Structures are given as structure tokens and as C-alpha cells.
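# Secondary and tertiary structure notes
Take a look at the letters that make up each chain.
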Amino acid sequence: MLLSGGLIGLILGLRTFSQQGMFIVGGALSDRFGAKVIILSGCIVRVSGYLLLAFGGSLWPIILGACLTGVGGALFSPSIEALLAKAGTHSEAKGKRSRAEWFALFAVCGELGAVLGPVAGALLTGLGFRQVALAGAGVFIIALVVLYFCLPAAGQRSQKIKIVPWWTTFRQPRFVAFIIAYSSWLLSYNQLYLALPVEIQRSGGNEKDLGPLFMLASVLIITLQLPLARFARRVGAVDILPVGFLLLSAAFVSVAMFAATEPPEGWLRLLPSVSFVTLLTLGQMLLVPSAKDLIPRFADESTLGAHYGALSTAGGIAVLAGNLLFGSLLDRALVPSTQAIYPWLLLALFPLCSALALNVICRPLRS
């Protein structure tokens, strides 16, 4: 079955929303039933989604399959982050790897997958969509088996477990302010897919230039994430967070500086794009592990999943709202002009405000 470009965009949008919108639910379920069972359930749901994509012969099974792949991610992502936080807390107490370094290592592993995934997908593309979807199901069946044997089981408690409702997560004004300020990170990083192609078009490039730039981001994460996490540990998570957001802001300003000028010939035309990707990635590497390291300071161990879910859901809402706002504004940046500067400066304003806000919000967390 062939789908139009509009339907493909709709399905991808529903898939993204089904994951981002369900993060808080997945985290709350993890707190209630334990991380392991929810992670395994997420794998099963995602396998079901891929199977529907592979064998769905009409539009609705395709839509349902895409949404199930998103829901699966929403189930296991907050659960994994909660487990990492607990492992990092115990490791740090023994003088070993810190929580932030555990999250940094997790980011490196994820980036390796992001590099290898498109390569594997390219190799399978010639076989047809059904084969690609079945390969995706196969990957998560393997993950299901490995995680079943490797993940720790929920510990047995002699006392009755006190279940804290997930909505109490939002009864902490400081935490709500934290996730709102932090949400501009995902809005900013999403501009790799929304704003970067606009800048490449302004500079006279084409979609082929995106590949090397994405590879640059992956190489930076794989090689520098762990050293930067160790540096952030020495500085302190509270102090490094604003620095990360200032780097995000500088990434947008670096493009705004060139937006009104005619691009030079040759590879120099990509200099603003390279600066943008580099600064954005460096900022992300500093702030993401540090922010996730701070979440246990807001949460009891019994509500870690819900707190990590809320953090991700806030970012997803920011991306959806930001894409609606900037989708049309970025049209002004397609050709060199004074008007092309303004969308980039507006984008720079959000992480700049986050840097200032987090400096105040996190002040009591300094230890």
C-alpha cells in the first residue's frame, strides 16, 4: 500500500505524540509495578507495533502500529532512566561512577545505535518495508530476551508498599518550574531537524549536506560525552546546567550572525551549520546528564519513574508547540536577508531564558 506524503507526516506525528505524551504514564506505571516488568512490557508493545506495520494491509493498522511503537518507548524509557538513577546513586555512594556519568554512558550507547541504525536500515531498504518492520520486531525480541535475564527483579519488601499517586509529581512548584525551564533543551535540539535544513537551503546546499552534519553530532557525542560528564561532575550539576543552555543559545546566535549575508562559495558556506551543530551538541552533552542527575533530588525512589516521565513529557509538549510556532517563522530564513536573522534570535531566546531561570531554580540544590 502506497501512502501520500501528507499521510506519512500524519502517522509520524501521531507516533511522536503517542510516545512523548505517554512518558508520564510509563513512568508512573514503573513506580507502581516495578521497572523491569514495564520495560519488558514496552518491548512487547513495540514488537506488536512493528508486526502491525509489517502485516497491516490498510491505513488504520499502519496508524495503530506506529502509535504502538511510540507507546512502547514511553513505557520503557522512563523506567530505564529510573533504574539508571538508582544504579548511579549506589555507584556514587561507593565512590565509583556518578549518576551523571551513568546517563552519559547511556547517551553514548544510544548514539552508537543512532549511527548503526540508519546503516542497517539502508541495507534493508531494498528488501521492502515489510522486511524492515520485521527486522525492527526482531531487534526488540532480542532485547526482550536479553533484558529479561539481565535486569534486576523488583526487590521483595517486608512492609506494605506505599503507592504515591503520579499527579503528586506536579505538586512541587520548584520541580514544575525545573521541567518547564528544561523543556527548551528538547525544543532547541529538535531544530537539527526543523531549522538546520532551512540554514542549509539558505547557504545554497541541499539535503545531502545533512548526513555529514548528523555524523559530526554523533562523533562528538561518542568521543566527548564521557569526558564532558567527568568535567561536569567536577564543576557540579547545578552550575553546569546554565552553561549548557548558554551553549544552545550561542548555537542559534552563530547562525543569526550569517543569516543576512550571501553565502561564500565552496565548503565555507557550511560554516554556520557546522558551528550550529557543534555548539548545540556540546550544550546537550553538558546539560542532559546533569539534569537527569538532579531529578532524584526532587523525587523519592518510589516516584523516580513519574518524575523522569514528566521531564520527558514537558519536552515533548515544548517541541509540539515550538514546531507550530517556528514552522512558518523559519520560512523567513530561507533566503539571505535581514528578516532571516529574527527567527534564529527568537530561538536563541528560549535557552537563554532557561539558563537564567535554572540558575535561580536550582540554587537550593547546591551542596
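Every residue gets a number counted from 1 within its own chain, in the order that chain's sequence is written. Confidence filtering applies because this is a predicted model: local features only for residues at pLDDT of at least 70, side-chain atom pairs given and counted only at 80 or more, and all residues used for totals across whole chains, interfaces and linings. Each side-chain value is derived from all of the structure's non-hydrogen atoms; neither hydrogens nor water enter the calculation.

### Details of the overall build of the chain
To be explicit about the condition: Put simply, DSSP marks the helices as runs of H or I at least four residues long and the strands as runs of E at least two long, and each gets a number from the N terminus on. As defined in this context, the radius of gyration uses C-alpha atoms, and a globule is described by 2.2 Å times the residue total to the power 0.38. Each residue is placed in one exposure class: buried if its accessible area under a 1.4 Å probe, protein chains only, is under 20% of its type's maximum, exposed if it is over 50%, and partly exposed if it falls in between. What makes two residues a contact is simply this: any of their non-hydrogen atoms within 4.5 Å.
Check the secondary structure of the chain and you find 14 helices and zero strands. When the helices and strands of the chain are read in sequence order from the N terminus, they spell out α-α-α-α-α-α-α-α-α-α-α-α-α-α. On C-alpha atoms alone, the chain measures out to a radius of gyration of 21 Å, which is about the 21 Å that the 2.2 N^0.38 rule sets for 367 residues. If one aligns the C-alpha atoms of the chain with their principal axes, the spans along those axes are about 70 × 55 × 35 Å. Within the span of the chain, comprising 367 residues, buried residues form 45% of the whole. By sequence separation, contacts in the chain at least 24 residues apart represent 82% of the contacts at least 6 residues apart.

### Considerations on the packing of helix α7 (residues 173–189) against helix α11 (residues 237–256)
Selection rule: Axis angles are defined between N-to-C directions and span 0 to 180 degrees, where every axis is a line fitted to C-alpha atoms and, for a helix, only to the segment in contact. By definition, turning the near helix anticlockwise from the far helix through less than a right angle yields a left-handed crossing, and turning it clockwise yields a right-handed one. Gly counts as polar in this scheme, as do all residues outside two lists: the nonpolar Ala, Val, Leu, Ile, Met, Phe, Trp, Tyr, Cys and Pro, and the charged Asp, Glu, Lys and Arg.
Contact pair α7 / α11: the axes reach a minimum separation of 11 Å and the direction vectors enclose 40°. The two elements α7 and α11 meet at a crossing, and its hand is left-handed. For the pair formed by α7 and α11, the contact residues are Phe178, Ala181, Tyr182, Ser184, Trp185 and Ser188 on the first element and Leu241, Phe245, Leu248 and Phe252 on the second. Split into classes, the residues belonging to the contact of α7 with α11 amount to eight nonpolar, two polar and no charged.

### Comments concerning the environment of Ala137
Within the secondary structure layout, Ala137 lies in helix α6 (residues 129–150). As a C-alpha pair, Ala137 and Leu29 span 108 residues in sequence and 23 Å in three-dimensional space. Those residues within four positions of Ala137 in sequence are excluded, and the remaining contacts are Val47, Tyr50 and Leu51.

### Focus: the packing of helix α10 (residues 210–235) against α11
Just so we agree on the cut-off: Note on angle classes: values under 35 degrees are labelled roughly parallel, values over 145 roughly antiparallel, values of 65 to 115 roughly perpendicular, and the remainder oblique.
Here α10 crosses α11 at 125°, and the two axes come no closer than 7 Å. Considered as vectors, α10 and α11 are oriented oblique to each other. Within the contact between the two elements, α10 uses Phe231, Ala232 and Val235 and α11 uses Ala237, Asp239 and Ile240.

### Here's the deal with the environment of Ala237
With respect to the element layout, Ala237 can be found in helix α11. Taking the C-alpha atoms as reference points, Ala237 and Ala143, 94 residues apart in sequence, are found 32 Å from one another.

### Examining α7
Our working definition: Each helix should span, by expectation, one fewer than its residue count multiplied by 1.5 Å.
Between the first and last C-alpha of α7 there are 26 Å, a value that for 17 residues agrees with the 24 Å anticipated at 1.5 Å per step. Along α7, 12 of the 17 residues are buried, which leaves the element largely enclosed by surrounding structure. The complete set of buried residues in α7 reads Phe175, Phe178, Ile179, Ala181, Tyr182, Ser183, Ser184, Trp185, Leu186, Leu187, Ser188 and Tyr189.

### What to know about the environment of Val176
Counting through the fold element by element, Val176 comes out in helix α7. When its relative accessible area of 23% is taken as the criterion, Val176 is described as partly exposed.

### Observations regarding the confidence of the model for the chain
What counts, and what does not: The quantity known as pLDDT measures the predictor's confidence residue by residue, on a range of 0 to 100.
Put simply, the chain has an average pLDDT of 85, and 91% of its residues get 70 or more. Per-residue pLDDT stays below 50 along residues 157–163; that stretch engages in one contact with residues further than four places along the chain or on separate chains.

### Re the pattern of salt bridges
Put simply, the rule reads: A carboxyl oxygen of Asp or Glu within 4 Å of a side-chain nitrogen of Lys or Arg is what we treat as a salt bridge.
Counted by the stated rule, this structure contains five salt bridges. Where Glu81 meets Lys292, a salt bridge forms, and the shortest distance between an N and an O atom there is 2.6 Å. On the criterion of sequence distance, the pair formed by Glu81 in helix α4 (residues 59–93) and Lys292 in helix α12 (residues 271–294) is long-range, its members being 211 residues apart. Looking at Glu81, the relative accessible area reads 7%, which means it is buried.

### Description of the nonpolar core
What counts, and what does not: Buried Ala, Val, Leu, Ile, Met, Phe, Trp, Tyr and Cys residues form a nonpolar core when they are joined through side-chain atoms within 4.5 Å.
Core analysis: the biggest nonpolar cluster contains 70 residues, and Phe178, Trp185, Phe245, Phe276 and Trp344 have the highest contact counts within it. Elements that contribute at least two residues to this core include exactly α4, α7, α9 (196–202), α10, α11, α12, α13 (304–329) and α14 (341–361). In this view, Phe276 contacts Gln191, Leu192, Leu196, Ala251, Phe252, Ser254, Val255 and Trp344; residues no more than four positions away in its chain are not counted. Membership of the second largest hydrophobic core comes to eight residues, among which are Ala35, Cys43, Val47 and Phe140.

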